[in-house]
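# Examination of the molecular architecture
Below are the chains, spelled out letter by letter.
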Amino acid sequence: MLVLVVDSSTPAVTAALVEVSADGVLARAQRCTVDARAHGELLAPQVDAVLADVDARPGDLAAIVAGLGPGPFTGLRVGLVTAATMGQVLGIPTYGVCSLDGIGHPVAAGEPVLAASDARRREVYWAVYDGAGQRIAGPNVDAPAVVAERARGLAVTIAVGDGAHRYADVLGLPLRNEPRYPDAVALARLAAERIRAGAPGEPLTPLYLRRPDAVAATGHKPVLP
């Protein structure tokens, strides 16, 4: 089954095609561009590009997997709206995966690992995974010092993700270089059981974790003296 994977929860805008079979998940094509200000401009052309790479059409897709975040409101919304719209138009299921799972799960190898992405405002989105790659804490958004304390309490031995690199001095943990951003194949693997089973599609509910910066006005100021 040919599956599209999209993620726009971080500065990395990702579109990928994977093949999901009974034997596993195979990467077919991928585009990933790091640009925190161009999610809307980049994602749709990248979807077109990965389809062209394997000479496929949207109608060939069996499902769509989307990173649910956490992430900043505007960027995260781009990926989820794209996935939901394509799923509705094509009549195929959509499946959501926590984007931090695509960072922490691939690194888990026997000991707890911290996955962190940059949340701006001197904070990080974070989660902790046990040695088998199961999430045991998070996702949350906190200051790096708070995350460092929580990580110590969970016996974390290594950190991964762009947020971990940005605040390495505060976290005080050894770093794994990759993945810096959600790995598309990892996201697909985490949804593969649902895809193989033909599970019903899911609402793609974003993990914003905090309110957007822009909110509607609740009142009207007088404009006349």
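Residues numbered from 1 in each chain as written. Predicted model: local features only at pLDDT ≥ 70, side-chain atom pairs only at ≥ 80, totals over all residues. Heavy atoms only, no water.

### A look at the environment of Ile-92
On the secondary structure map, Ile-92 appears in the loop between helix H2 (73-90) and strand E5 (94-97). When the C-alpha positions of Ile-92 and Asp-162 are compared, they lie 32 Å apart, and in sequence the two are 70 residues distant. Apart from residues lying up to four places away in sequence, Ile-92 is in contact with Leu-61, Ala-62, Ala-63, Ile-64 and Gly-87. (Helix = DSSP H or I, 4+ residues; strand = E, 2+ residues; numbered from the N terminus. Contact = heavy atoms within 4.5 Å.)

### A word on the sheet that holds strand E10 (residues 175-176)
With mixed pairing, the five strands of this open sheet are ordered in space as E8-E7-E6-E9-E10. Each of the sheet's edge strands pairs with one partner strand only, and the pair in question is strand E8 (135-142) and E10. Bridge analysis of strand E6 (residues 113-118) against strand E7 (residues 124-129) gives six bridges, and the strand direction is antiparallel. Within E7, the residue paired with Ala-115 across the bridge is Ala-127. Strand contacts of helix H4 (residues 144-153): E6, E7 and E8, with the helix running at about 165° to E8, the strand carrying the most contacts. (Pairing = 2+ DSSP bridges. Axes fitted to C-alpha atoms, helices over the stretch in contact; angles between N-to-C directions.)

### A look at the pattern of salt bridges
In the structure shown here, the tally under the stated rule is six salt bridges. Residue Arg-166 is joined to Asp-118 by a salt bridge in which the shortest nitrogen-to-oxygen separation is 3.2 Å. Of this pair, Arg-166 sits in helix H5 (residues 162-166) while Asp-118 sits in strand E6, and the two are 48 residues apart along the sequence. Asp-118 gets classed as buried once you look at its relative accessible area, which sits at 18%. With a shortest N-O distance of 2.8 Å, Glu-202 and Arg-194 are connected by a salt bridge. (Salt bridge = Lys/Arg side-chain N within 4 Å of Asp/Glu carboxyl O. Buried < 20%, exposed > 50% of the residue type's maximum accessible area, 1.4 Å probe, protein only.)

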